[in-house]
Amino acid sequence: KLYPDRSVHGNLFPQQGSEREASLIVKDGQIYLYYTYNDQAIDVYDIHLATASASDPNWPAALSDKGKVIDRNKFAANSVSGCDVKYVDELNCFQAIHGVNVNEVNTYLAIWQSTDGITGWEQIGIVTDNTRVRLKYPRVVGNDQGHVTSAVHLLTYQYGISRSSWRTWMSSYQYAE
């Protein structure tokens, strides 16, 4: 139990200032808190990780910084959205998804994968077909533990030119063989 009835106060992240778009996964008694962090020296929003024991009622104070886990330097010239990370039960791995060229008409999704959620993150594919232009904030629908478990897989994101006119898109998907 992650104690949803309690307010969390304090500094959750090891660095301060440019953290955003967190994804939380609970697996095997461990909390994985992924977040987007802006390395302002090269203006790339990489994905960092902090972990803690899920049995600790004060887990936010116990977060241990694992540093950068998904290096998105190759997208430095592109506008990218933050990652959504989930554990995919049927594939027995962690997967992350984010938008690339999110302010352009040639927007696409990048998919990453890791077996342990900490090391070995590698980009395994992109999705260009049937995506809306200027897509932002892609999210994979999962359960309250951050797992994709259902036979029906859903992806949602926002798209459009400006925040005042963004629309939400939801689509089902399946994993490639």
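Residues numbered from 1 in each chain as written. Predicted model: local features only at pLDDT ≥ 70, side-chain atom pairs only at ≥ 80, totals over all residues. Heavy atoms only, no water.

K.L.:
Describe the nonpolar core, with residues and values.
P.N.:
With 19 residues, the main nonpolar core has Tyr34 and Trp121 as its most contacted residues. Counting only elements with at least two residues in this core, the list comes to strand S2 (30-39), strand S3 (44-53), strand S4 (64-70), strand S5 (84-88), strand S6 (93-100) and strand S7 (108-114). When sequence neighbours within four positions are dropped, the list of residues in contact with tryptophan 121 reads Tyr34, Val69, Ile70, Val85, Phe94, Gln95, Ala96, Trp112, Gln113 and Ser114. In this structure, Ile97, Leu135, Tyr159 and Tyr175 belong to the second largest nonpolar core, which totals 11 residues. (Core = buried A, V, L, I, M, F, W, Y, C linked by side-chain atoms within 4.5 Å. Buried < 20%, exposed > 50% of the residue type's maximum accessible area, 1.4 Å probe, protein only. Helix = DSSP H or I, 4+ residues; strand = E, 2+ residues; numbered from the N terminus. Contact = heavy atoms within 4.5 Å.)

K.L.:
A description of the layout of surface pockets should follow, citing residues and the corresponding values.
P.N.:
Quantified by volume, the largest pocket comes out at close to 640 Å³. Around the largest pocket sit 27 residues that line it, and Ile97, Ile111, Val127, Tyr173 and Gln174 are the ones nearest its centre. Mapped onto the lining of the largest pocket, the elements with two or more residues apiece are S5, S6, S7, strand S8 (122-127), strand S11 (153-159) and strand S12 (167-173). Grouping the amino acids of the lining of the largest pocket by side-chain chemistry returns 17 nonpolar, 7 polar and 3 charged. As a volume, the second largest pocket reaches approximately 180 Å³. Along its surface, the second largest pocket is lined by 13 residues, and Glu21, Val80, Ser81, Val102 and Tyr137 are the ones closest to its centre. Of all the elements in the fold, those that place two or more residues in the lining of the second largest pocket are strand S1 (19-27) and strand S9 (135-140). The class makeup of the residues in the lining of the second largest pocket is 5 nonpolar, 5 polar and 3 charged. (1 Å grid on protein atoms, 1.4 Å probe; cavity = no way out; pocket = protein on both sides within 12 Å on 5 of 7 lines; lining within 4 Å. Points joined across faces, edges and corners; volume = space filled by probe spheres on them. Nonpolar A, V, L, I, M, F, W, Y, C, P; charged D, E, K, R; others polar.)

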